[in-house]
Amino acid sequence: MAEPSLAVRRKSRPGSVSKRSRAPVQPSAVCSPVARKRMSSGGEGPPAETPCSNESEEDMFGDHDSFYGNDSLLAEVDDIEKKYLQDKNTNIKVAGEIIIGNQSGIHQKKQDHFSNSENMVVFKADKEDAFQMNDNDPVDSNQELTESTLDDLPSSQLLYFEKMGELSSGSRTSPVSERRNKCVNFSLDKIRSPSFCPDTEHRNRPTDFSSDSKCDLFKTESLKDHLKSAMTGNAKAQTLQVSKTKQLKEAVLSEEICVARKTIESSSVDIGPFYGLPSKVKDLFRQFRGIETLYEWQHDCLMLESLQQRKNLIYSLPTSGGKTLVAEIIILQELLCRQKDVLMILPYVAIVQEKVRGLSSFGIELDFLVEEYAGSKGRFPPIKRRIKKSLYIATIEKGHALVNSLIETERIDDLGLVVVDELHMLGEGSRGATLEITLAKILYTSKNTQIIGMSATLNNVGDLQKFLQAEYYTNNFRPVELKEYVKIRDSIYAVDSKTENGFTFSRLLNFKYSSNLEKADPDHIIALVTEVIPKYSCLIFCPTKKNCENVASMLCKYLKKEFRAHREKEKQDLIKNLENIGNGSVCPILKQTIPFGIAYHHSGLTNDERKSIEEAYSTGVLCLLACTATLAAGVNLPARRVILRAPYVANDFLKKNQYKQMIGRAGRAGIDSAGESILIVQEKDKHLVQDLVNSPLENCYSSLLLELTKGMQSLLLSLVGLKIAVTHEEVNNFMCSTLLGIQQQLLSKEKSLTEIIKDGLENLIEKGLLKGRICEKDHNSKCTLTITPLGKATYKGSIDLAYCNLLYRDLKKGLEGLILESNLHLLYLATPYDMTSNYSPDWMIYLKQNVDSAVVNRLYLSFVLYTLLKETNIWSVSEKFNMSRGYVQNLLNSAASFASCVLHFSEELEEFWVYKALLTELTKKLTYCVKAELTPLMEVAGVLEARAKQLYNAGYKTLAHLANANPETLVKMIEHLSRRQAKQIVSSAKMLLSEKAEALQEEVEELLKVPTDIPGTC
Ligand SMILES: Nc1ncnc2c1ncn2[C@@H]1O[C@H](COP(=O)(O)OP(=O)(O)OP(=O)(O)O)[C@@H](O)[C@H]1O
Ligand SMILES: [Mg+2]
């Protein structure tokens, strides 16, 4: 199943109820920026497919999906254009009117369209509202542009209207021009400024407005240009005050990139100013990351001959070794010098969002796009960009879907590089299987895509090297020394692999416990933590969630009162902040522990709470977190000391990989100057722990067989579906190159790989997902297999094969009597199947009857979702249903992901066309589940509900507001917002805005392209 997550592209903005936002419907006209300004809709706008109904500035770049699916807008652009071209005498002012008027035409049309679809109630309200507005506030579409209207306009649109004005009045300078000279000049400069290499194709793109013939402005080419430049200008409008120095710097950067690109192309030994990259990149690492020089190993690794030759590479270094920086430099080389797109795969949604935030500022400075693929965010296939290159940052699941879509559209070669962080995840269950499938497909279909994998915990590197056809680099470097200890009774032993039993006595723990305290804290956790806190920070990994809470509570019961004094005010602020997040409620345990600088951290917290707690811990307001393994991998939090409460995760004894990842959180470079770990061991576990610390890391094995429906079967299905391999023989060939193929003798002793494949294919045929015959004899192994529509829907929707038939039946049944009075029925269909098996509703009446518990469980969970959408308050819903708020949050995230999967599933089956419209909207509702006005802000990576509320209340109401915000002002206006966070929010917003503008631009370009095969033309 898709990973829990947040977010699809944003939906229509609700309306600011402003009256100016309504305009009478004008037939036959085109959306213009001005019209949008005037007519931003009120109320909960129609669904995303109606770009022109979202008339506000940020909606210019509204939902990608919506614009993409909206042929009507551009069809009408086309019509208008044709009409215009027929009438050569049409004057410029009329052209302007046409453009203004049609906006509302489309608006009306779309509303009508949706009156037949799911959002009846919303639509009615919208329409009534619209009529009211029309009565009360008629807006004449022909009215002249007033100064106040112009005040709000982005510079690019001003430029457009100024050009209109100039043309209509000969050489006369328009008032608009006078008032906005500065912006306009800037826009022109920006549009004209060469980007990167002067010899690239885009330099010659027709973006220059100083055309020789002014009449040309309204030929097909130039209307296209206007739309393009209007949107480009909008995206760039945030940097109105551009200085000469800045322009000069940009020119230098372009030049340097150009040299770097040429250097790389000529594969000369000269590595350019900074590993083939412009020296600006080095400055950016200094500025954004505080990195002055590279570690020696980082330099050596980047200079590897294999890397220069673009060979695949696996590199392995201890935790906190600085692996990310090397990957980032290689990524930038690919984006800037080789001009190819890059996919970066990270293990969790939160880490993806963190990375998007962190790299957006690089994207803005260096002119590439950063696109988020996590949860329900991401577009398949991605938009084909002609100029800027894209860095896709994805979770494992979304990375797989992205690669599928690129293979399907024959664009996989656009992907120059794939970077996989935490490569050891290949061995971890269904996610490992998905990662293996993704990499195997890339290796098989694109010989030019380079693969880089990194990890701190690899053992059987040989297998992985074979699988990835990769070179290997390793080093033991860790910038901050990590000292490992175990504690048995009151003695601390250093882990020492040179001694026989693996430990050497280090010291006795120094503490004086009363008998009461000894009972409450038999493992002496208080003694261990008070050696470091509050001056330094400490993480305690606990086996269970409950245990985290208990440890946190126990600690503050016995800690001295002095601990309360440390950063008292900030801790009170944190509690207040949590209260706001919980709409007045705050967890009683946190309320009790935070004054001592202590909190628990596990999946039972909401995303917002987790983020606040992490931030408070990072800045030292909290000095101790009692956490589960959720904080173990890849995170950069300060910890002088990491304590492992017990060598268990839930009931399972700790694995070496887990142990290494957990202790690796101590002593992070740049944050701590020292680090140590202490594993608390009971006498009975002593021998097991000796084995643990002395044993090598676990091997990484293919999960394709263990995870049958999400692994092997899913792979076979998509191989045929994507036409990567369509005969038994081809499938065999493919499978030999997987990690399973390499480890087959180890993993399946009874059956050969060929037999496994044969069984798998037969099973898919039986399930009705594939068609064709699998024959025993070799000479028949060339029979072609084809995918059925259900099979295609299943792999396109990333639906677990265990549920695809059930999902089909449920959707089919839904068609017979879909109840759309509320969204409950739809929610039922979007409730993830895999969440129903591990939940038993507290619902005695139904359980006493002999009903299908799977159905009842699903229905119960859909009630929870239904209440959530109504109340948009996780706290009250969790109380009402007696579930933990973390579980409710997880349910919501999973449902958003699953809804988008079901949407893609339905898109492939004609009979389910109606679900497309219904589920698009539902997915958005589930993704954000907040008051509609907050959704534009929550689209920005890492802005969660609480932050969005703060920003909204402070007047930052749209994406454009955020993109143009001054970080310093943000810090002053928003409580608990650090300068670094403010900068990241602004950068992410800028990146998103620019990405949306680019997307629209590409769409327009594509749609207005004159086909080369028009009948009757040669
Ligand atoms: N050359 C450098 N100089 C100073 N600090 C550095 C350098 N390289 C990396 N760092 C810092 O070291 C810290 C750890 O780096 P990073 O997150 O890349 O570790 P990692 O090897 O990925 O560890 P893990 O396996 O735990 O994820 C980061 O804060 C990073 O900014
Ligand atoms: Mg890392």
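Residues numbered from 1 in each chain as written. Chains lettered and ligands numbered in written order. Predicted model: local features only at pLDDT ≥ 70, side-chain atom pairs only at ≥ 80, totals over all residues. Heavy atoms only, no water.

Participant: How would you sum up the site of ligand 1? Please name residues and give values.
Facilitator: Within the structure, ligand 1 sits among 19 residues, and Thr-293, Ser-320, Lys-323, Thr-324 and Arg-668 are positioned closest to it. One of the backbone N or O atoms of Thr-293 is found 2.9 Å from a nitrogen atom in ligand 1. In the complex, the protein chains occlude 87% of the 640 Å² of accessible area that ligand 1 would expose alone. The dominant element in the shell around ligand 1, judged by the number of residues it contributes, is helix α15 (residues 323–337), at three residues. Each residue belonging to the shell around ligand 1 can be placed in one class, and the counts come to six nonpolar, nine polar and four charged. (Near = heavy atom within 4 Å. Polar contact = N/O pair within 3.5 Å; in protein donor to acceptor, adjacent residues only side chain to side chain. Areas by Shrake-Rupley, 256 points an atom, 1.4 Å probe, with all protein chains shown as cover. Helix = DSSP H or I, 4+ residues; strand = E, 2+ residues; numbered from the N terminus. Nonpolar A, V, L, I, M, F, W, Y, C, P; charged D, E, K, R; others polar.)

Participant: With reference to specific residues and values, describe the sheet that holds strand β14 (residues 641–644).
Facilitator: As summarised here, the arrangement of the eight strands in space is β10-β9-β8-β17-β14-β11-β13-β12, forming an open sheet in which the pairing is mixed. At either margin of the open sheet sits one strand with a lone partner, and together these are β10 (503–508) and β12 (598–601). The average undirected angle you get between the axes of adjacent strands in this sheet is 25°. Against the sheet, helix α27 (residues 656–663) engages β8 (482–488), β9 (491–495), β11 (538–541), β14 and β17 (675–681), with an angle of about 145° to β14. (Pairing = 2+ DSSP bridges. Axes fitted to C-alpha atoms, helices over the stretch in contact; angles between N-to-C directions. Contact = heavy atoms within 4.5 Å.)

Participant: Lay out the packing of helix α40 (residues 885–907) against helix α41 (residues 913–928) in plain terms, naming residues and giving numbers.
Facilitator: Relative to each other, α40 and α41 sit at 160°, their axes nearing to 9 Å. The orientation of α40 with respect to α41, classified from their angle, is roughly antiparallel. Crossing angle aside, the handedness with which α40 passes α41 is left-handed. Contacts between α40 and α41 involve Leu-892, Ala-895, Ala-896, Ala-899, Ser-900, Val-902, Leu-903, Ser-906 and Glu-907 from the first element and Tyr-915, Lys-916, Leu-919, Thr-920, Thr-923, Leu-926 and Thr-927 from the second. In the contact of α40 with α41, the residues fall into nine nonpolar, five polar and two charged. (Parallel < 35°, antiparallel > 145°, perpendicular 65-115°, else oblique. Left-handed = near helix turned anticlockwise from the far one by under 90°.)

Participant: Report on unusual backbone geometry, specifying residues and quantitative values.
Facilitator: Note: most residues except glycine have negative phi, and most peptide bonds are trans. Cis rather than trans, the peptide bond between Phe-380 and Pro-381 has omega equal to -10°. Within the element layout of this structure, Pro-381 appears in the loop between β3 (369–373) and β4 (390–394). A cis amide bond links Ile-533 with the next residue in sequence, Pro-534, at an omega value of 0°. In this structure, Pro-534 sits in the loop between α21 (525–530) and β11. One non-glycine residue, Ser-320, lies in the positive phi region at around 65°. In this structure, Ser-320 sits in the loop between β1 (312–316) and α15. Given the relative accessible area of 10%, Ser-320 is considered buried. (Buried < 20%, exposed > 50% of the residue type's maximum accessible area, 1.4 Å probe, protein only.)

By themselves, these figures tell us nothing about what the structure is for.
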